[in-house]
Amino acid sequence: MALCLKQVFAKDKTFRPRKRFEPGTQRFELYKKAQASLKSGLDLRTVVRLPPGENIDDWIAVHVVDFFNRINLIYGTMAERCSETSCPVMAGGPRYEYRWQDERQYRRPAKLSAPRYMALLMDWIEGLINDEDVFPTRVGVPFPKNFQQVCTKILTRLFRVFVHVYIHHFDSILSMGAEAHVNTCYKHFYYFIREFSLVDQRELEPLREMTERICH
Ligand SMILES: [Zn+2]
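Taking an unreviewed UniProt entry as the reference, the chain is identified by name as Mps one binder kinase belonging to Lynx pardinus.

Right under this line is the structure:
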């Protein structure tokens, strides 16, 4: 029987809380709408489409936050199996290696262990989605001009979490009985980024074969 991911999550005290939408806000309503269509059993390829009359940036914002929460949770459930020893380099198999770069400590691309890379990645996204200048939550405050660019970068980096988890920790996914859950999240993510061309095709290459298999 599948292990409840929420239980695993609750056990991990070091894990960051989920970002939530404030009830009563437009984005909360949009989030509820997206969740409802997700649960309605509709095809995932259909549920990612922008509902008529909605703003694309709002739609992207809601999904970026939701994917961050869900992917963060997935990685968190297997984080103890992804260590400095098991994964000294953030990679996706022997062919793909990811280097970390930011505007703080790592101005030049740095070769880091997977857990270190993941920690920096999640901190970086968390910082952005909580930044009112990037993800404004107040009514009437517009998104910045580079909003979609920022989201492209966030989603591109989140995709790498899937790459690492699928290629290096697939046994953990199986032993936790989480394969269907992770696949559903992956498919939803994949259809979303394809719908709005948000991640470069080259970035998707490491999981291309698997994607062809599960995303018909
Ligand atoms: Zn790992």
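Our next topic: empty space enclosed by the protein. This model, assessed by the stated rule, comprises one cavity of 30 Å³ or more. Here the largest cavity defines a volume of roughly 50 Å³. Tyr-31, Ala-34, Gln-35, Leu-38, Val-62, His-63, Asp-66 and His-188 together form the lining of the largest cavity. Sorting the residues of the lining of the largest cavity by element identifies α2 (26-39) and α4 (56-78) as the ones contributing at least two each. Here the lining of the largest cavity takes four residues from α2, the largest share from any one element. For the lining of the largest cavity, the per-class residue count stands at four nonpolar, three polar and one charged.

Another point: the coordination of the zinc ion. Looking at the metal site, the zinc ion is ligated by Cys-82 (SG), Cys-87 (SG), His-164 (NE2) and His-169 (NE2), spaced 2.0 to 2.2 Å from it. Relative to the metal, the four donor atoms surrounding the zinc ion lie at angles of 101 to 118°, and the coordination shape comes out tetrahedral. Spacing between the donor residues of the zinc ion along the chain follows C-x4-C-x76-H-x4-H. With Cys-87 in the loop between α4 and β1 (91-92) and His-164 in helix α6 (residues 147-168), the pair connects residues that are 77 residues apart, well separated along the chain. The buried category is assigned to His-164, whose relative accessible area is 0%.

Scoring rules and cut-offs
- Residues numbered from 1 in each chain as written.
- Predicted model: local features only at pLDDT ≥ 70, side-chain atom pairs only at ≥ 80, totals over all residues.
- Heavy atoms only, no water.
- 1 Å grid on protein atoms, 1.4 Å probe; cavity = no way out; pocket = protein on both sides within 12 Å on 5 of 7 lines; lining within 4 Å.
- Points joined across faces, edges and corners; volume = space filled by probe spheres on them.
- Helix = DSSP H or I, 4+ residues; strand = E, 2+ residues; numbered from the N terminus.
- Nonpolar A, V, L, I, M, F, W, Y, C, P; charged D, E, K, R; others polar.
- Donors = N, O, S within 2.8 Å, 3.2 Å for Na, K, Ca; no water.
- Tetrahedral: all angles 85-135°; square planar, octahedral: opposite > 155°, others 65-115°.
- Buried < 20%, exposed > 50% of the residue type's maximum accessible area, 1.4 Å probe, protein only.

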